[in-house]
Amino acid sequence: MKIRTAIVDDNSFLIHAVKEKLSFFEDIQVRLTATNGKDLLEKLEQNSRIDLILMDIEMPVMDGIEATQLVKQRYPQIKIVMLTVFDNDSNIFNAIRAGADGYLLKDVDPDKLHAGILQTLNGGAAMNPAIALKTLKLLRSPEQLNNLSEHKEDFALSEREQQVLEQLASGLSYTVIAKNLILSPSTVRKHIENIYKKLQVHSKLEAVSKARKHNII
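Bear in mind that the values here come from a model prediction, so they are computed numbers and not experimental data. (Residues numbered from 1 in each chain as written. Predicted model: local features only at pLDDT ≥ 70, side-chain atom pairs only at ≥ 80, totals over all residues. Heavy atoms only, no water.)

A.B. asks: Can you help me understand the overall build of the chain in this one?
C.D. replies: Helix and strand counts for the chain come out as 11 helices and 5 strands. Dimensions of the chain along its principal axes, counting C-alpha atoms only, are 60 × 40 × 30 Å. The buried share of the chain, reckoned over its 217 residues, is 45%. For the chain, long-range pairs separated by at least 24 residues make up 63% of all intrachain contacts whose partners lie at least 6 apart in sequence. Approximately 11500 Å² of the chain is accessible, and the part contributed by carbon and sulfur atoms is 51%. Charge separation in the chain, taken as the distance between the mean sites of 28 positive and 28 negative side-chain charges, equals 5 Å. (Helix = DSSP H or I, 4+ residues; strand = E, 2+ residues; numbered from the N terminus. Buried < 20%, exposed > 50% of the residue type's maximum accessible area, 1.4 Å probe, protein only. Contact = heavy atoms within 4.5 Å. Areas by Shrake-Rupley, 256 points an atom, 1.4 Å probe, with all protein chains shown as cover. Lys, Arg positive; Asp, Glu negative; His and termini not counted. Charge placed at Lys NZ, Arg CZ, Asp CG, Glu CD.)

This is the structure:
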């Protein structure tokens, strides 16, 4: 039986490159591709018959960490292997915390990628030696784990901008936020414009996703 696989990456060239690597193996079938986490979730709502997802981390709209967490909540049977160029401690920790079943780098050769997929589907955890070593070091160092968990990147948000962002993340409208914080709607809009600039995002969804990823809210 074919292994039904999905590839999630905002770079169409890299999606094609991963497809090419998997094309060497008759037991793998790419059933779905998506350009970000939101796109993936929408497609899974139409058809969730996927065995394993190869997930990028850095993507617009919804990144791979948040997407992994949501997929695991809704479709716990689907295995997820992070396939990324980033091997820093924070990404590894956040991916594992979100529920990732494996973590490989994009330069992995076809045979090792295929072996990692099989290993993950058989209950193992696909990781190259360098990632496995980093993971072990993290697990052996509770202090370092706490530092990663508590780390907040400094985007220089003011106290008021932080409050507006928290209200925004709760799904409240500009009018309700203005009422709750005793501000005018135009002032709330100005704060949100500043938040977008500081976080370097272009929408509410991106702002909330990035804020959660960096433990701002």
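Here the narrative resumes, following the displayed structure.
A.B. asks: Explain unusual backbone geometry here, please?
C.D. replies: Keep in mind that most residues, glycine aside, have a negative phi and that most peptide bonds are trans. At Ile182, a position not held by glycine, the phi torsion is positive, near 55°. Even without a glycine there, the phi angle at Gln200 is positive, about 60°. Locating Gln200 in the fold gives a position in the loop between α10 (185-199) and α11 (204-213).

A.B. asks: Before we go on, may I ask you to explain the side chain of His114 in this structure?
C.D. replies: With respect to the helices and strands, the residue His114 is situated in helix α5 (residues 110-121). Residue class for His114 comes out buried when judged on its relative accessible area of 13%. When residues no more than four places from it in sequence are discounted, the contact partners of His114 are Phe25, Asp27 and Ile28.

A.B. asks: Sorry if this is basic, but what is going on with the sheet that holds strand β1 (residues 3-8) here?
C.D. replies: Taken together, the 5 strands give an open sheet; going across it, the order is β2-β1-β3-β4-β5, and neighbouring strands pair in parallel fashion. Each having just a single partner strand, β2 (28-34) and β5 (102-105) make up the two edges of the open sheet. Strand-to-strand twist in this sheet, taken as the mean axis angle between neighbours without regard to direction, amounts to 25°. Lying over the sheet, helix α1 (residues 12-22) contacts β1, β2, β3 (52-55) and β4 (79-84), oriented at roughly 170° with respect to β2. α5 contacts β1, β2, β3, β4 and β5 of the sheet and is inclined by roughly 130° relative to β3. (Pairing = 2+ DSSP bridges. Axes fitted to C-alpha atoms, helices over the stretch in contact; angles between N-to-C directions.)

A.B. asks: I would appreciate a short explanation of the pattern of salt bridges in the present structure.
C.D. replies: Enumeration according to the criterion identifies 8 salt bridges in this entry. Lys72 serves as the salt-bridge partner of Asp101, at 2.7 Å between the closest nitrogen and oxygen. In this pair, Asp101 is assigned in the loop between α4 (89-98) and β5 and Lys72 in helix α3 (residues 64-74), connecting sequence segments 29 residues apart. Just as Asp101 is buried, Lys72 falls in that class too. Each of Asp9, Asp56 and Lys106 takes part in salt bridges that share partners, so that together they form one network. (Salt bridge = Lys/Arg side-chain N within 4 Å of Asp/Glu carboxyl O.)

A.B. asks: What is the right way to look at the packing of α3 against α4 in this model?
C.D. replies: Helix-helix packing is characterised by the crossing angle of the two axes and by the distance between the axes. Between α3 and α4, whose axes approach to 8 Å, the crossing angle comes to 15°. With respect to α4, the axis of α3 lies roughly parallel. The two elements α3 and α4 meet at a crossing, and its hand is right-handed. Only Asn91, Asn94, Ala95 and Ala98 of α4 make contact with α3, whose side of the interface consists of Ile65, Thr68, Gln69 and Lys72. Residues belonging to the contact of α3 with α4 are distributed by class as follows: 3 nonpolar, 4 polar and 1 charged. (Parallel < 35°, antiparallel > 145°, perpendicular 65-115°, else oblique. Left-handed = near helix turned anticlockwise from the far one by under 90°. Nonpolar A, V, L, I, M, F, W, Y, C, P; charged D, E, K, R; others polar.)

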